[in-house]
Amino acid sequence: LLPEYTRYLDSLREYFDGYFARAMPLFDVPKARAEALVQFDAEWVERKVIGWEDAETRELYCAVCDKQFEKSTTLAAHMSSHKHQKAAARQDSDATAKRSDAERAVARAESIIRVYVQILGATIRDTRANVQRRQALTEEERDQEGDDEEHAYEDGDEDRDDQIYNPLNLPLGWDGKPIPYWLYKLHGLGAKFSCEICGNAVYRGRKAYEKHFQEARHATNMRRLGIPNTRQFHGVAAIDEAQALWDRVQSDRKREVANVDAVEEYEDSEGNVFNKKTYFDLKRQGLI
């Protein structure tokens with residue numbers, strides 16, 4: 001096991017602990033860590049820890065030389081080799097136990113970090129999406145966004161400690177404070193969309209606006225207008241546009257029926273061919 005990897009795990013765990021203290025001060029980190037360790041101890045005994053399922057029980061493995069073999073004959077030849085015997089003579093008696101303890105410590109650190117990642121899954125995904133979004137911006141756009149963010153969060157009057165400074169009217173997060181400006185930009189919450197069919201209700205962001213067309217409120221108002229809330233009406237928020245589209249849909253349906261009647265042919269007893277409408281008109285009049 002590389003010492004660099006062990007130091008990396010320690011620094012990563014310390015970073016997560018610091019992030020929880022800064023961004024989520026009410027989150028019970030000791031409780032989450034204790035639960036992760038209880039789960040780890042149980043899985044380690046049952047050899048179910050991710051990535052360590054075969055730890056301490058690996059077959060065809062030489063603990064003295066830290067080498068894995070594919071065949072038992074190769075392992076047997078290695079065990080009788082001068083190189084292995086020389087290494088075994090140099091190694092103290094508890095080396096295998098020390099290695100086992102080191103492996104367990106690394107697996108333990110990985111399990112704690114894995115739990116942290118699960119807790120912060122949504123935050124990590126949003127951060128990755130924001131990084132990808134910023135990479136697609138030009139340098140000028142990034143500078144402008146930085147200026148807007150700095151302006152939005154400048155302290156202003158320091159005496160107003162109890163008042164939340166929110167000049168851009170950003171939505172509030174779970175902690176009662178304005179959400180980060182980059183998250184506000186990522187979800188496009190600066191754009192507002194209204195729906196006349198829903199009583200001029202306003203939706204912040206394209207995602208919420210698109211979603212509301214499938215919700216019960218919009219479907220109910222569409223039924224009140226006598227219009228089915230089908231997929232082709234999604235995106236239509238004005239009443240007159242929805243009614244005009246419904247009239248056009250009904251006209252198209254009537255035209256399709258008329259076309260079917262015109263194309264469908266019938267033949268009388270004398271071999272004369274008529275379309276469907278003409279045939280039934282003549283038949284009702286007793287002419288054929």
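Up top is the structure these notes are about.
Computed from a predicted model, the values in this text were never measured in an experiment.

Engineer: Quick question: what am I supposed to make of the overall build of the chain here?
Structural biologist: The helix and strand inventory of the chain stands at twelve helices and six strands. Looking at the 288 residues of the chain, the share that counts as buried comes to 25%. Summing over all exposed atoms, the chain offers an accessible surface of approximately 20100 Å²; the carbon and sulfur share of this is 51%.

Engineer: Which parts of the structure should I look at to understand the pattern of salt bridges?
Structural biologist: A side chain of one charge can pair with a side chain of the opposite charge if their charged atoms are brought near each other. Under the counting rule described, the total for this entry stands at three salt bridges. The partner of Arg 13 in a salt bridge is Asp 17, with the nearest N and O atoms 3.5 Å apart. One end of the pair, Arg 13, and the other, Asp 17, are both in helix H1 (residues 3-23), four residues apart, so they sit about a helical turn from each other. With a closest N to O distance of 3.4 Å, Arg 33 and Asp 17 form a salt bridge. Here Asp 17 lies in helix H1 and Arg 33 lies in helix H2 (residues 29-45), a separation of 16 residues in the sequence. Given a relative accessible area of 24%, Arg 33 falls into the partly exposed group.

Engineer: Which parts of the structure should I look at to understand the pairing of strand S4 (residues 201-204)?
Structural biologist: Regular strands have side chains that alternate between both faces of the sheet. Judged by which residues are buried, S4 turns out to be one-sided: Ala 201 and Tyr 203 face inward and are buried, whereas Val 202 and Arg 204, on the alternate face, are not. Two strands pair when backbone bridges link them, and strand S3 (residues 192-195) and S4 are joined in this way by four bridges, in the antiparallel orientation. Residue pairing across strands places Lys 192 opposite Arg 204, the latter belonging to S4. Hairpin remark: S3 followed by S4, antiparallel, with five residues in the connecting loop; positive phi at Gly 199, about 80°.

Engineer: Just to check I follow, could you spell out the environment of Trp 182 for this structure?
Structural biologist: For Trp 182, the position within the fold is in helix H8 (residues 181-186). Sequence separation between Trp 182 and Asn 130 is 52 residues, and the spatial gap between their C-alpha atoms is 7.0 Å. Trp 182 has contacts with Asp 126, Thr 127, Asn 130 and Arg 133, leaving out every residue within four places of it along the chain.

Engineer: I'm lost on helix H10 (residues 216-224) in this one. Help?
Structural biologist: Residues spaced three or four apart along an α-helix face the same direction, because each turn holds 3.6 residues. Within H10, burial applies to His 218, Ala 219, Asn 221 and Met 222. Taken down its axis, H10 places every buried residue within 165° of arc, on the same side. Exposed and oriented more than 90 degrees from the buried face of H10 are Ala 216, Arg 223 and Arg 224. Residues of H10 that are buried in the fold lie against S3 and helix H9 (206-212). Gly 226 lies just past H10 and shows a positive phi near 75°.

Engineer: I tried to follow unusual backbone geometry on my own but got confused; where do I start?
Structural biologist: In most cases, non-glycine residues show a negative phi, while peptide bonds are predominantly trans. Backbone geometry places Asn 200, a non-glycine residue, at a positive phi of 60°. With respect to the secondary-structure elements, Asn 200 resides in the loop between S3 and S4. Overall, Asn 200 belongs to the exposed group, its relative accessible area being 53%.

Engineer: Quick question: what am I supposed to make of a negative patch on the surface here?
Structural biologist: On the surface, Glu 139, Glu 140, Glu 141 and Asp 143 cluster together to form a negatively charged patch. Structurally, Glu 141 can be placed in helix H7 (residues 139-153).

Engineer: Help me out: how do you make sense of the environment of Lys 277 in this one?
Structural biologist: Position of Lys 277 among the secondary structure elements: in helix H12 (residues 276-284). Along the backbone, Lys 277 and Glu 264 are 13 residues apart, and their C-alpha atoms lie at a distance of 9.0 Å.

Engineer: I would appreciate a short explanation of the packing of aromatic side chains in the present structure.
Structural biologist: Each aromatic ring pair is described using two quantities: the centre-to-centre distance and the angle formed by the ring planes. Counting across every chain of the model gives ten aromatic pairs. Ring centres of Phe 193 and Tyr 209 lie 4.9 Å apart, and the angle between their planes is 25°; this geometry places the pair in the stacked category. Taken together, the residues span a long stretch of sequence, with Phe 193 in strand S3 and Tyr 209 in helix H9 at a distance of 16 residues. Classification of Tyr 209 by relative accessible area gives buried; the value is 7%. Seen in terms of ring centroids, Phe 233 and Trp 246 are 6.3 Å apart; in terms of plane orientation they differ by 55°. Their pairing is tilted. Of the two residues, Phe 233 sits in the loop between H10 and helix H11 (239-263) while Trp 246 sits in helix H11, which places them 13 residues apart along the sequence.

Engineer: Hey, could you run me through the state of the cysteines in this one?
Structural biologist: Working definition: the covalent bond between the sulfur atoms of two cysteines is a disulfide. Overall, the coordinates contain zero disulfides when judged by the stated rule. Cysteine Cys 198 is unpaired, with the sulfur of Cys 195 as its nearest cysteine sulfur at 3.7 Å. On the basis of relative accessibility, which here comes to 3%, the residue Cys 198 falls in the buried class.

Engineer: Looking at this model, I keep getting lost on the side chain of His 212. Mind explaining?
Structural biologist: Its location among the elements puts His 212 in helix H9. Given the relative accessible area of 1%, His 212 is considered buried. Those residues in contact with His 212 that lie beyond four places of it in its chain are Cys 195, Cys 198, Tyr 203 and His 218.

Cut-offs used in this document
- Residues numbered from 1 in each chain as written.
- Predicted model: local features only at pLDDT ≥ 70, side-chain atom pairs only at ≥ 80, totals over all residues.
- Heavy atoms only, no water.
- Helix = DSSP H or I, 4+ residues; strand = E, 2+ residues; numbered from the N terminus.
- Buried < 20%, exposed > 50% of the residue type's maximum accessible area, 1.4 Å probe, protein only.
- Areas by Shrake-Rupley, 256 points an atom, 1.4 Å probe, with all protein chains shown as cover.
- Salt bridge = Lys/Arg side-chain N within 4 Å of Asp/Glu carboxyl O.
- Pairing = 2+ DSSP bridges.
- Contact = heavy atoms within 4.5 Å.
- Arc of directions from axis to C-beta.
- Patch = residues over 30% accessible without salt bridge, like charges linked within 9 Å, V, L, I, M, F, W, Y side chains within 5 Å.
- Lys, Arg positive; Asp, Glu negative; His and termini not counted.
- Charge placed at Lys NZ, Arg CZ, Asp CG, Glu CD.
- Phe/Tyr/Trp six-rings, centres within 6.5 Å; stacked < 30°, edge-to-face > 60°.
- Disulfide = S-S within 2.5 Å.

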